[in-house]
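# Observations on chain architecture
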Amino acid sequence: MEAQKKKIILDVDTGTDDAIAIVLAALEERFDLLGICTVSGNIEVKLTTENTLRVLTFCGKQEEIGVYKGSDLPLVSTLLPWTAQALGIRSEIDLRTGKRWPLPRREGTRLDKSEEHPEYLPLPPSKTREREESAVYWLIKTLLAQEENSVTFIQVGPATNLALALRADPRIKKAIKEIVIMGGGDRVTNTSPAAEFNTWADPEAMEIVLQSGRDILMVPLDATHSAYVTLSDAEKIAAIGTAPALLVAGLIRSLASSYINSHEEMRQYQAAPIHDALAVCAALHPQVLSEVVHCNCHVDISGGWAYGQTIVDKRKLLDSETKNCRFARKADRNFFLKWAMEVLSKDREKRPHN
Ligand code: BDR
Ligand code: CA
């Protein structure tokens, strides 16, 4: 008898590593991918939606998997570059570092993620459109229709969509078995001096999700940076030869070159972390993660220097009954790579022209 597939929903801000996460989630036979929600994050939601559709079209999954456009702005924060403009308010932050007033502003700096996440992925324009319903509406409708504890929610962008859905109709919690989050960082940060990008981009939303009371598995930067993928791994993936494998290999090469230019450790390895794809792997194979601590974990929403910082209660000062997540500090890069290659190789067997 065929083993039951794991029902998942993916929430993305595509994004190069999001694109790799989508390819692997869509091709992994053990997943039943109910739909993909998009959100503003790496770039604006109209672009993350188009990029998501491009990836699905390229993998031949555009009819099968619905894409639902989500929030264009974070709940409260105005840190994302286009937010202040959309709201007609003056941005008081250094958009490159995320430092807020009253810290000194450096003229001409901005949040420049263009090397890591271009506006458009280098793929043909999508032939399909996103579905009619908005992401939040679709999430509520879909989750209310699912059995209790049956869906794994994989969130690899800012948490805006899920936070809105949880606030609008908390009954959706019942269907959510687990929330796997690529986000946060304890010893590693990557956007402001204190914060990882997904928590920084919508801190209040991430905190709402962390307080949801559901089972949460955090895949933070500490774990993703230890599961880096190298340029020579990209060659092995390219050798699989299918269109999705060549796409993944190309994206790894471009991510690696952006990291090699900006990150000392990655320069040494000629490599990059593929954050979002590791979260997809962990949703199926939690054993890819190690040094996983059950702990109290929250996001700073006080709006100062630490806005968006992940606070892990390392000294166990908070109640043990309120532990709200499993936080991974490390991951096994060989396991991760092996899984990704297996998914892409299995897909090759099913493609008529390979
Ligand atoms: C996260 O931020 C984004 O830039 C990536 O897509 C990933 O989800 C890493 O901090
Ligand atoms: Ca992402």
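Parameters at a glance
- Residues numbered from 1 in each chain as written.
- Chains lettered and ligands numbered in written order.
- Predicted model: local features only at pLDDT ≥ 70, side-chain atom pairs only at ≥ 80, totals over all residues.
- Heavy atoms only, no water.
- Pairing = 2+ DSSP bridges.
- Helix = DSSP H or I, 4+ residues; strand = E, 2+ residues; numbered from the N terminus.
- Axes fitted to C-alpha atoms, helices over the stretch in contact; angles between N-to-C directions.
- Contact = heavy atoms within 4.5 Å.
- Core = buried A, V, L, I, M, F, W, Y, C linked by side-chain atoms within 4.5 Å.
- Buried < 20%, exposed > 50% of the residue type's maximum accessible area, 1.4 Å probe, protein only.
- Salt bridge = Lys/Arg side-chain N within 4 Å of Asp/Glu carboxyl O.

### So, the sheet that holds strand β1 (residues 6-12)
Strands sit in the order β3-β2-β1-β6-β7-β8-β14-β11 across an open sheet of 8 strands; the sheet is mixed. Each edge of the sheet is formed by a strand with only one pairing partner; in this case those strands are β3 (67-69) and β11 (289-295). The sheet shows a mean angle of 20° between the axes of neighbouring strands, taken without regard to direction. In terms of strand pairing, β1 meets strand β6 (residues 151-155) through 5 bridges, oriented parallel. Bridged to Ile8 within β6 is Thr152. Contacts from helix α1 (residues 16-27) reach β1 and β2 (31-38) within the one sheet, and its direction differs from that of β1 by about 160°. Lying over the sheet, helix α12 (residues 275-284) contacts β1, β2, β6, β7 (176-182), β8 (215-219), β11 and β14 (325-331), oriented at roughly 150° with respect to β7.

### Examining the nonpolar core
Within the largest apolar cluster, 70 residues are counted, with the highest numbers of intra-cluster contacts made by Leu289 and Phe336. For this core, the element with the most residues is helix α10 (residues 243-262), which contributes 10 residues. Not counting residues within four places of it along the chain, the set of residues in contact with Leu289 comprises Leu217, Val219, Ala223, Leu278, Ala282, Ala328, Lys330 and Ala331. Residues Ile9, Ile181, Ile216 and Met218 belong to the second largest nonpolar core, which totals 34 residues.

### Some remarks on helix α4 (residues 135-144)
With 7 of 10 residues buried, α4 is to be regarded as a mostly interior element. Next to the buried residues of α4 lie β1, β2, β3, β6, α5 (160-168) and β7.

### Focus on the pattern of salt bridges
Under the criterion given, the structure shown has 18 salt bridges. Put simply, Glu64 and Lys61 hold a salt bridge, and the shortest N to O gap is 3.5 Å. Its relative accessible area of 15% is what places Lys61 among the buried residues. Notably, a salt bridge pairs Lys330 with Glu291, separated by 3.6 Å at the nearest N-O pair. A residue pair is termed long-range when its members are at least 10 positions apart, and Lys330 in strand β14 and Glu291 in strand β11 qualify at 39 residues. Relative accessible area serves as the criterion here: at 47%, Glu291 is assigned to the partly exposed category. Look at the salt bridges and you will find they share partners, linking Glu50, Arg54, Arg129 and Glu130 into a network.

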